[in-house]
Amino acid sequence: MTIIWREAVLAWNKLGVVSLTESANAPIQLGESSTPPSDLSSETGAFTHYHRDGNTITSANSQLLLNKIDKNGYTYLEKVGIAEHEIGHILGLAHSKNPRSIMSPTVVDQKISTPDINALKLIYE
Ligand SMILES: [Zn+2]
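Residues numbered from 1 in each chain as written. Predicted model: local features only at pLDDT ≥ 70, side-chain atom pairs only at ≥ 80, totals over all residues.

When you look at the sheet that holds strand S1 (residues 28–33) in this model, what are you seeing that I'm missing?
Note: strands within a sheet are paired through backbone hydrogen bonds, in either parallel or antiparallel orientation. Spatial ordering of the open sheet is given by S1-S3-S2, a layout of 3 strands whose pairing is mixed. Each having just a single partner strand, S1 and strand S2 (46–53) make up the two edges of the open sheet. When strand polarity is set aside, the average angle formed by the axes of neighbouring strands in this sheet is 5°. Sheet strands in contact with helix H3 (residues 76–90) are S1, S2 and strand S3 (56–65), and its direction is about 20° off that of S2. (Pairing = 2+ DSSP bridges. Helix = DSSP H or I, 4+ residues; strand = E, 2+ residues; numbered from the N terminus. Axes fitted to C-alpha atoms, helices over the stretch in contact; angles between N-to-C directions. Contact = placed C-beta atoms within 7 Å.)

Dropping the structure here:
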């Protein structure tokens with residue numbers, strides 16, 4: 001797992017709602033890729049495919065698209081934000097219209113914020 005993914009996992013774990021741990025055999029893959037799947041919008045800096053059974057994540061694959069990220073000139077914190085956003089999807093969060101939410105579909109250096117924490121608690125507490 002790269003430093004960007006590691007920081008994003010730490011940010012979600014710090015909230016005390018979920019506890020994600022690294023494992024070689026984990027059904028969740030967090031990686032980096034240079035080419036997006038053909039059905040993906042060219043604006044996107046990452047993609048996530050996941051399967052859930054109720055509150056159980058059965059599998060997920062999330063890849064940061066390095067070509068897109070570099071082309072868009074995102075800062076390091078924005079890259080971590082993209083990774084946090086993708087993990088939010090894996091955890092079951094949908095897009096938010098709140099521009100300060102990490103689940104806002106626009107990359108604007110946002111952080112995991114109160115609406116995100118509340119949404120996560122609704123699922124896991
Ligand atoms: Zn999204």
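Having seen the model, we can carry on.
Can you walk me through the environment of Pro115 in this structure?
Along the chain, Pro115 falls in helix H4 (residues 114–124). In this structure, the C-alpha to C-alpha distance between Pro115 and Arg100, residues 15 residues apart in sequence, is 8.8 Å.

Would you mind showing me how to read the nonpolar core here?
Grouped burial of nonpolar side chains is what soluble globular proteins tend to show. Core analysis: the largest hydrophobic core is formed by 18 residues, its most contacted members being Trp5, Ala8, Val9, Trp12, Leu64, Ala83 and Ile87. Mapped onto this core, the elements with two or more residues apiece are helix H1 (3–13), S3 and H3. The greatest single-element share of this core, amounting to 5 residues, is contributed by H3. Apart from residues no more than four positions distant in its own chain, Ile87 is found in contact with Ala8, Val9 and Trp12. (Core = buried A, V, L, I, M, F, W, Y, C linked by C-beta atoms within 7 Å. Buried ≥ 20, exposed ≤ 12 C-beta atoms within 10 Å, placed from the backbone.)

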